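Chain by chain, the residues:
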Amino acid sequence: MNRVCIRQSDIEGVGLIDASYGNFAFRRHYHLEFHIGLIVGGAQRYHCRGASHRAAPGQLVIMPPDQLHDGQAHDDGGYRTKVFTLGTPWLSRSLGELTHEQELGFLEHQVDDPALYRGLVMAHRILGDSHQANLTRDCLPLEMLEQLVSRHGSVRLRRSPRLGSRDLDEIRDYMMDNLDQPIRLADLAKQCGLTEVGLSRAFKSTTGLPPYAWLSRFRLEKAMEWLKAGRCVTQVAQSVGFYDQAHFSKVFKQQFGLTPGQVRGRGGEP
């Protein structure tokens, strides 16, 4: 049985996921947000940075934006996880106040730190409890980020990868402005001052995905973001370039394990 609950905390930019996965497998994908996963039962198997890994209870799995990875249960017993999602605007603003830098990095994407793990599990529970004091919930994400940075992270000035005359952030902005329109390889190549073959090669070398697959995931990530913000399913589907709502729902569930309506309803069972 696969069960997924996605919630937006009272802090804009900080989301919470509670999930149990049995037979559901995530295909290779990336996120627009920073994900901090806590394995609380069973074991997860995933492929990242050219190698396969196993994450067990008590371990943190840290996935920065744009990091390509997959995920599934390690065995028939499935696994349970709690995840913090940290939006880029919140993360940049908080890092600016904490470190005066813009990008958070980690040497390892899998961390063994029992004390930090216990603190994060407690923070996840408190942030999802509306009966807790508001000031407590306001402070917890910053305390969590501070501990992550001081114990396991590093900060540096952010540099977006170059694709010809443009960088990936600029191409992302172009896609965002045209998300509900057909985007052609020739248009992207012209933006970058490259041939179509040159852009296709550079894009896959930089991101790990061909342009069409990267764009497809980008559309779904933006759909998830807007659904969590409470937009209606039909509006979101059209805004990300899907004019057949049934097809949108099918693709969305294949990628995330739950339907668009369940996300907008703040969670559910696929």
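Rules of the game
- Residues numbered from 1 in each chain as written.
- Predicted model: local features only at pLDDT ≥ 70, side-chain atom pairs only at ≥ 80, totals over all residues.
- Heavy atoms only, no water.
- Core = buried A, V, L, I, M, F, W, Y, C linked by side-chain atoms within 4.5 Å.
- Buried < 20%, exposed > 50% of the residue type's maximum accessible area, 1.4 Å probe, protein only.
- Helix = DSSP H or I, 4+ residues; strand = E, 2+ residues; numbered from the N terminus.
- Contact = heavy atoms within 4.5 Å.
- Pairing = 2+ DSSP bridges.
- Axes fitted to C-alpha atoms, helices over the stretch in contact; angles between N-to-C directions.
- pLDDT = per-residue confidence, 0-100.
- Parallel < 35°, antiparallel > 145°, perpendicular 65-115°, else oblique.
- Arc of directions from axis to C-beta.
- Phe/Tyr/Trp six-rings, centres within 6.5 Å; stacked < 30°, edge-to-face > 60°.
- Lys NZ or Arg CZ within 6 Å of the ring centre and 35° of its normal.

K.L.:
Please give an account of the nonpolar core that cites residues and values.
P.N.:
In this structure, Met 175, Phe 203, Trp 214, Phe 218, Phe 248 and Phe 252 are the most contacted members of the largest nonpolar core, which totals 50 residues. For this core, the leading source of residues is helix α7 (residues 211-228), giving eight residues. Other than its neighbours up to four places away in sequence, Phe 248 contacts Leu 220, Ala 223, Val 233, Val 236, Ala 237, Val 240, Phe 242 and Pro 260. Counting 27 residues, the second-largest nonpolar core is a separate cluster that includes Leu 60, Ile 126, Leu 127 and Val 149.

K.L.:
Give me the sheet that holds strand β4 (residues 34-42): which residues, what numbers.
P.N.:
Spatially, the six strands line up as an open sheet ordered β1-β2-β9-β4-β7-β11, and their pairing is antiparallel. Each edge of the sheet is formed by a strand with only one pairing partner; in this case those strands are β1 (3-8) and β11 (110-112). Looking at each pair of strands side by side, their axes are set apart by 20 degrees on average, direction ignored. As paired strands, β4 and strand β7 (residues 59-63) are joined by four bridges and run antiparallel to one another. Its bridge partner being in β7, Gly 37 is matched across the sheet by Val 61.

K.L.:
Summarise the confidence of the model for the chain; cite the residues concerned and give the values.
P.N.:
Confidence along the chain averages 90 in pLDDT terms, with 94% of residues attaining 70 or more. Per-residue pLDDT stays below 50 along residues 266-270; that stretch engages in 26 contacts with residues further than four places along the chain or on separate chains.

K.L.:
I'd like a rundown of the packing of α7 against helix α9 (residues 245-256), residues and numbers included.
P.N.:
It is at 11 Å that the axes of α7 and α9 come closest, and there the two elements cross at 95 degrees. With respect to their mutual orientation, α7 and α9 come out roughly perpendicular. Of the residues in α9, those touching α7 at Arg 217, Leu 220, Glu 221, Ala 223, Met 224 and Leu 227 are Phe 248, Val 251, Phe 252, Gln 255 and Phe 256.

K.L.:
Go over helix α4 (residues 168-177), please, and point to the residues and values.
P.N.:
Of all the positions in α4, only Leu 168, Ile 171, Arg 172 and Met 175 are classed as buried. Buried residues along α4 cover an arc of 105 degrees about the axis, so they all sit on one side. Elements that come into contact with the buried residues of α4 comprise β13 (162-163), β14 (166-167), α5 (185-192), α6 (196-207) and α7.

K.L.:
Go over the environment of Ser 92 with me, naming the residues and quoting the values.
P.N.:
Among the structural elements, Ser 92 can be located in helix α1 (residues 88-99). Sequence separation of Ser 92 and Leu 16 is 76 residues, and the distance between their C-alpha atoms is 19 Å.

K.L.:
Give a detailed account of the packing of aromatic side chains, specifying residues and quantitative values.
P.N.:
Counted by the stated rule, this structure contains 11 aromatic pairs. Ring centres 5.2 Å apart and planes at 80 degrees place the aromatic pair Tyr 21 and Phe 26 in the edge-to-face group. By relative accessible area, which is 17% here, Phe 26 ends up buried. Summarising the aromatic geometry, the rings of Tyr 21 and Tyr 79 are spaced 5.4 Å apart at their centres and angled 45 degrees between planes, so their arrangement reads as tilted. Of this pair, Tyr 21 sits in strand β2 (residues 14-21) while Tyr 79 is found in strand β9 (residues 79-86), placing the two residues 58 residues apart along the sequence. With respect to class, Tyr 21 is no different from Tyr 79; both count as buried. Taken together, the ring pairs connect Tyr 21, Phe 24, Phe 26 and Tyr 79 into an aromatic cluster. Directly above the aromatic system of Trp 226 lies the positively charged group of Arg 231, at a separation of 4.5 Å from the ring centroid.

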